Structures are given as structure tokens and as C-alpha cells.
2 protein chains.
Amino acid sequence: MFELDLRSRKPIYEQLVDRLKQLIINNVLDKDEKLPSVRVLAQQLSINPNTIQKAYRELEAQGYIYSVKGKGSFVNHIMMTDNSAEIKKVKEQLKKQIAEALFLGVTIEELEKLITEVEQSVTRGDQDDSSPERH
Amino acid sequence: MFELDLRSRKPIYEQLVDRLKQLIINNVLDKDEKLPSVRVLAQQLSINPNTIQKAYRELEAQGYIYSVKGKGSFVNHIMMTDNSAEIKKVKEQLKKQIAEALFLGVTIEELEKLITEVEQSVTRGDQDDSSPERH
DNA sequence: TTAACTGTATTAATATATTTAGTACAGTTA
DNA sequence: TAACTGTACTAAATATATTAATACAGTTAA
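Just so you know, the residues in each chain are numbered from 1, in the order the chain's sequence is written. To read the labels, note that chains go from A and ligands from 1, taken in the order they are written. pLDDT decides what is reported in this predicted model: residues at 70 or higher carry local features, side-chain atom pairs at 80 or more are listed and counted, and totals for whole chains, interfaces and linings draw on all residues regardless. Hydrogen atoms and water are omitted, and side-chain values are computed over all heavy atoms in the structure.

Student: Is there a simple way to explain the interface of chain A and chain B in this structure?
Tutor: Contacts are assigned to residue pairs with any non-hydrogen atoms lying within 4.5 Å of each other. In this assembly, 39 residues from chain A lie in contact with 39 residues from chain B. Once two parts are brought into contact, the accessible area they lose, counted with a 1.4 Å probe and summed over both, makes up the buried area. By the criterion of area lost to chain B, the three top residues of chain A are Phe103, Leu104 and Ile115 of chain A, representing 19% of everything that side buries. Counted as salt bridges are all cases of a side-chain nitrogen of Lys or Arg within 4 Å of a carboxyl oxygen of Asp or Glu. Where chain A touches chain B, the interface holds 8 salt bridges. Residue Glu117 of chain A is joined to Lys95 of chain B by a salt bridge in which the shortest nitrogen-to-oxygen separation is 3.5 Å. Think of it this way: any DSSP run of H or I at least four residues long counts as a helix, any run of E at least two long counts as a strand, and we number them from the N terminus. For the side of chain A that touches chain B, the secondary structure elements donating two or more residues are helix 1 (12–25), helix 4 (84–104) and helix 5 (108–121) of chain A. Top contributing element to the side of chain A that touches chain B by residue count: helix 4 of chain A, with 16 residues.

Student: What's the story with the protein's contact with DNA strand C in this structure? I'm lost.
Tutor: A cutoff of 4 Å decides nearness: a residue is near a molecule or strand if any of its heavy atoms lies inside that distance of it. Around DNA strand C lies a shell of 28 residues, among which Ile12, Asn48, Asn50 and Thr51 of chain A together with Arg39 of chain B are the nearest. Within 4 Å of the protein, the contacting atoms of DNA strand C are drawn from sugar and phosphate to the extent of 58%. Polar contacts, as used here, are pairs of N or O atoms within 3.5 Å; protein pairs need one atom able to donate a hydrogen and one able to accept it. Residues neighboring in sequence count only if both atoms are side-chain atoms. Note that a base nitrogen of DNA strand C is positioned 3.4 Å from one of the side-chain N or O atoms of Arg39 of chain A. Here a phosphate oxygen of DNA strand C sits 3.1 Å away from a polar atom, N or O, in the side chain of Ser37 of chain B. At the level of elements, helix 1 and helix 3 (49–61) of chain A together with helix 2 (38–45), helix 3 (49–61), strand 1 (65–68) and strand 2 (72–75) of chain B are the ones that each hand at least two residues to the surface near DNA strand C. Residues were grouped as follows: Ala, Val, Leu, Ile, Met, Phe, Trp, Tyr, Cys and Pro as nonpolar; Asp, Glu, Lys and Arg as charged; and all remaining residues, including Gly, as polar. Split into classes, the residues belonging to the surface near DNA strand C amount to 7 nonpolar, 12 polar and 9 charged.

Student: What is the right way to read the protein's contact with DNA strand D from this model?
Tutor: Lining the immediate environment of DNA strand D, one finds 28 residues, of which Arg39 of chain A together with Ile12, Asn48, Asn50 and Thr51 of chain B sit closest. By atom count, sugar and phosphate contribute 59% of the portion of DNA strand D lying within 4 Å of the protein. Gly70 of chain B is positioned with one of its backbone polar atoms (N or O) 3.3 Å from a sugar or linking oxygen of DNA strand D. Of all the secondary-structure elements, those providing two or more residues to the surface near DNA strand D are helix 2 (38–45), helix 3, strand 1 (65–68) and strand 2 (72–75) of chain A together with helix 1 (12–25) and helix 3 of chain B. For the surface near DNA strand D, the residue count by class is 7 nonpolar, 12 polar and 9 charged.

Student: Got a minute to help me understand the pairing of strand 2 of chain B in this structure?
Tutor: On any regular strand, side chains alternate: one points to one face of the sheet, the next to the other face. Here the rule is simple: two strands pair whenever DSSP picks up at least two bridges between them. In this structure, strand 1 of chain B lies alongside strand 2 of chain B, joined through 4 bridges in antiparallel fashion. Each residue of the ladder has a partner; that of Ile65 of chain B, found in strand 2 of chain B, is Val75 of chain B.

Student: Teacher, can you tell me more about unusual backbone geometry here?
Tutor: For residues that are not glycine, phi is negative in most cases, and the peptide bond is trans in most cases. Residue and element names in this part refer to chain A. A positive phi angle, near 60°, is found at Asn27, a position not held by glycine. Structurally, Asn27 can be placed in the loop between helix 1 and helix 2. Burial status follows relative accessibility: with a 1.4 Å probe on protein chains alone, a residue under 20% of its type maximum counts as buried, one over 50% as exposed, and anything between as partly exposed. Given a relative accessible area of 17%, Asn27 falls into the buried group.

Student: Is there a simple way to think about helix 2 of chain A in this case?
Tutor: Residues spaced three or four apart along an α-helix point in a common direction, a consequence of the helix completing one turn every 3.6 residues. Residues and elements named next belong to chain A. Listed in full, the buried residues belonging to helix 2 are Leu41, Ala42 and Leu45. Burial along helix 2 is one-sided: seen end-on, the buried residues are contained in an arc of 105°. Within helix 2, the exposed residues directed more than 90 degrees away from the buried face are Arg39 and Gln43. Where helix 2 is buried, its residues touch helix 1 and helix 3. Of the residues one or two after helix 2, Ser46 is the one with positive phi, at around 60°. The reported arc concerns the directions from the helix axis to the C-beta atoms and nothing else.

This is the structure:
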């Protein structure tokens, strides 16, 4: 499904969270799409199932996925969840990164170009009303 | 000088790096301004000098400060260093954060407003030609 | 020159965080 | 029923961060 850097200073479960977020954000994974089970993904990546579970738990806490016992873990309809806390976080982080970029010599024009690029690369995923029952 | 969260999941030395970067980026610390010595800052913050040293080493590697044995550590003229690698990093990080923000519902207008806000908050520091000798 | 400062390096011990391993339980699906 | 799913828990192993103590070399000012 994707590659990990087992030698990275960044914990594996964090890499997993980041990578899965990317896939969800860029609509590579559709709404309600089933993620690999913790055991299957663990085997594919040759890491412990507990590590996958930790990543999935974090993604669920942040509202990106939801899990149903016995069924699996699925991509969430993000708008259904309260993500105001996440928005605040990402905005604060963005301000720091923007300040750093400006300091390093990146121009405002370049920053605006980045926004345009990202916005165009994010293709909208179609809506789909058939969702797994959540209990 | 500033406060740290010793209970945070984020390592102390990383908090130090981030905080000092902020101060440098926002011109709270002027070019060639002397930072507290590793021992003094360690005492002020009640942490080990080695942890300060680790943060300073990282800041030096990223080009934000330079250190002279026997003299001290000083804020760098960032433009004198090759920061293209740092620029590439921060741009990549920004793209991820922008994608996440858009996904969470932040509008492009809000993103552009963020840039304006940051740009206005960063007051330009005056140039100063008297620098410590680097050897 | 001396005393007190500076950065830097190294080793060892400790503390904390991450990952693995193994097991168990409950719900789902065919 | 058999094989899947998420979830929880404890224990052990591993990796990382932090502290502690010491040492060495360059700088500064008395």
C-alpha cells in the first residue's frame, strides 16, 4: 500500500497517520472505503499489528476514519465530525511554516502559487450515500 | 527567556529549536546577537547543558545560528548560508498542511489571509555590519 | 598569567517512548 | 462453524531522549 522508513527518527505509527491522511485528503481513498485490517496491513508492512492499531486509533480520534468492530475501518465523511480543533491546529502550524518560509526568502507570490497548485491537485471525490452501519 | 513544556511528547531540544527559530524569524533576536551560553541557558531552564547543546547544534546545521568556540553562539545572517534545502523542505511541508487545511474546510481566502497576517507581523530588522569573527 | 567564561566532545547511567509478542474477547460474515 | 474484523491488555524488548560527570581548547578581562 505504501512504504515506510523504519530507520526514521519519526515513529512508525506517526508515519502511518501522515501517509493515510495524505491519501484521504487527496481523495485517493474514497469516503467509506475500507482500509486494510490491522492484521493484514501489519503483515504487508512487516510490522506489529499493535502499531497499526495505534495509527488507526489516532486517525479515528482526529476524525479521518471510523472503525466498526467485526467489520473494519473506513474513511470518514470528514464534515460529519467536529473538526474545529483540527482546523485551529493546522492554522497555527501554517502560520509558523509561512513565517519560516518568508524568512528563508520564499516570496508571497510563491506561497500563493503553492496554494493554487495544491488546490488544483486535489480532485473532488464524488458523493456516495451508501455507508456501512456504525454499530 | 522562554517557557518549555517538560511533560510534552515533543522532546525538549525540539521545543528549543522551534522556539529559537521563532525568535530569529520574527526578528526578536537581531543578527549577530549573542544567545545565552549553553550552561547559562541550561541553568535558567533547569535542564541539562547537553540538551541545550543539542538544540544549538541543530540550529547551526539548519543555518540559523553560528557558534564560535570560546566566544558563544550567535544569530546568523541567514542569506549567507545555502538554505535551498531548507526551502525545499518547508515548501513540501507547506503543501501538505495546505492540503490538510483545504480538506478540513479552510477556504483559499482564509489561507491567503494567513499569509497577509504573517507577512505584516514580521517586522524587518535593520542591517548591521559588525559581526563577531568566526574563528 | 590566571580565573572565569565560551563551545565541544565523550562516556555512562537513567528515564521515557516506541515497538514487538502473545493472548484474549466480542462482533461480523459467509 | 470457521475465518474474518476491531479492541484491549500485559510483558518484554528496543530505541530515543535526557541527565550526569568530566575533559579539552579557545576567549576574555583582570
